[in-house]
Amino acid sequence: MRRNGGPAGMSDIHLVGVVGAGRMGAGIAEVCVRSDLEVLVCEETGQAAEAGRRRILASMERAVHRGRLSRRERDRAAWRLRFTTDLGDMADRQLVIEAVSENELLKREVFAALDKVVVDPAAILASTTSTIPIMKLGTATSRASHVLGLHFLNPAPVMPLVEVAPSLLTSALVRDRVESFATRVLGKRVVRSTDRVGFVVNSLLVPYLLAAVRMVESGITDAQDVDAAMTLGCAHPLGPLALADLIGLDILAAMAESMYTELRDPQYAPPPLLLRMVDAGLLGRKSGRGFHPYPGSTDYDYAEEGLSA
């Protein structure tokens, strides 16, 4: 990602909207403001919007402390960041990125509402989903040719990859425009995928994580040794069950169920142990306990695992 704020004029997109200020939405908003874009973030409530603001500012402050961002750049980025609770304020946006919960009905409602309020017929509506068909989101609008998947990897300010997934109805021009924006303005590496549940990354990652859950479920070994095997034996920066805890076990279960529903491949079926843990509220880092305990857990500091921007 560009750290010194290259010109937004490298692209015709300079007004960006983000719907949702959770971990993913906040990360995407941060990537965009640090790339000299004017960003408007929409949340359902003022409290959620304020939480999103704090999350973004705290992340940028950590970047300053680590020498990845100057204080001047941090201040300029913060100045370009605005929040709202009214989706109608997205009217002037050239690109709106939806980052709400991984729920098909909710996402379709967001896209239908954006279709009504975004004025520019050339504006692009993108979703961060990788488990809900882009076609279903596109057909919730009257502009399916301008809807596509733009899947950032978590944490968005750190991970250099984005997946671009057009549906069968997405215009090739729109796809190329978004790919150019992601590479030239955001400084990301783009991987293109068809509109297939899971795209590229999660099609490979989810079966791996579920296999680790099944290994513990069957009593072959415990969570600590599964993770030690992959970190010390395969040089992974994070073991599969620690990664599942980081993602959120509820999110992993939802991804698995969505992928299994579409593909009917047993490798995507969520194991009973995972579903029971979700039922019990053992969701990973965000709940303080998953496959591992996280006493006093707060927002995760990705640098702990050796990841760098």
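Located above this text is the structure these notes cover.
Residues numbered from 1 in each chain as written. Predicted model: local features only at pLDDT ≥ 70, side-chain atom pairs only at ≥ 80, totals over all residues. Heavy atoms only, no water.

Engineer: Is there a simple way to think about the pattern of salt bridges in this case?
Structural biologist: Opposite charge on two side chains permits them to pair, given that their charged atoms come into close proximity. Inspection of every chain in the model, using the stated rule, returns 18 salt bridges. With a shortest N-O distance of 4.0 Å, E50 and R54 are connected by a salt bridge. Here E50 pairs with R54, and both are found in helix α2 (residues 46-65), just 4 residues apart, close to one helical turn. With its nearest N and O atoms 2.4 Å apart, the salt bridge here joins E98 to K107. Through salt bridges that share partners, E61, R71, R74 and D75 make up one connected network. (Salt bridge = Lys/Arg side-chain N within 4 Å of Asp/Glu carboxyl O. Helix = DSSP H or I, 4+ residues; strand = E, 2+ residues; numbered from the N terminus.)

Engineer: What is the right way to read the sheet that holds strand β5 (residues 124-127) from this model?
Structural biologist: Either a parallel or an antiparallel arrangement is found when strands of a sheet pair, and the pairing is made through backbone hydrogen bonds. Judged by pairing direction, the sheet is mixed, and its 8 strands sit side by side in the order β3-β2-β1-β4-β5-β6-β7-β8 without closing on themselves. Two strands close off the open sheet at either side, each with one partner strand: β3 (81-84) and β8 (189-192). Each adjacent strand pair in this sheet contributes to an overall mean axis angle of 25 degrees, direction not counted. Summarising the sheet, strand β2 (residues 38-42) and β3 pair through 4 bridges and their orientation is parallel. Of the residues in β3, the one forming a bridge with V39 is L81. (Pairing = 2+ DSSP bridges. Axes fitted to C-alpha atoms, helices over the stretch in contact; angles between N-to-C directions.)

Engineer: Could you clarify how one ought to interpret the nonpolar core in this entry?
Structural biologist: Nonpolar side chains tend to gather and get buried jointly when the protein is soluble and globular. Counting residues in hydrophobic clusters, the biggest one holds 40 residues, and the most contacted among them are V16, V39 and F152. For this core, the element with the most residues is helix α1 (residues 23-33), which contributes 7 residues. Other than its neighbours up to four places away in sequence, V39 contacts V16, V18, A29, C32, V33, R80, L81, R82 and R93. One finds A253, M255, M259 and L282 within the second-largest nonpolar core, a separate group that totals 23 residues. (Core = buried A, V, L, I, M, F, W, Y, C linked by side-chain atoms within 4.5 Å. Buried < 20%, exposed > 50% of the residue type's maximum accessible area, 1.4 Å probe, protein only. Contact = heavy atoms within 4.5 Å.)

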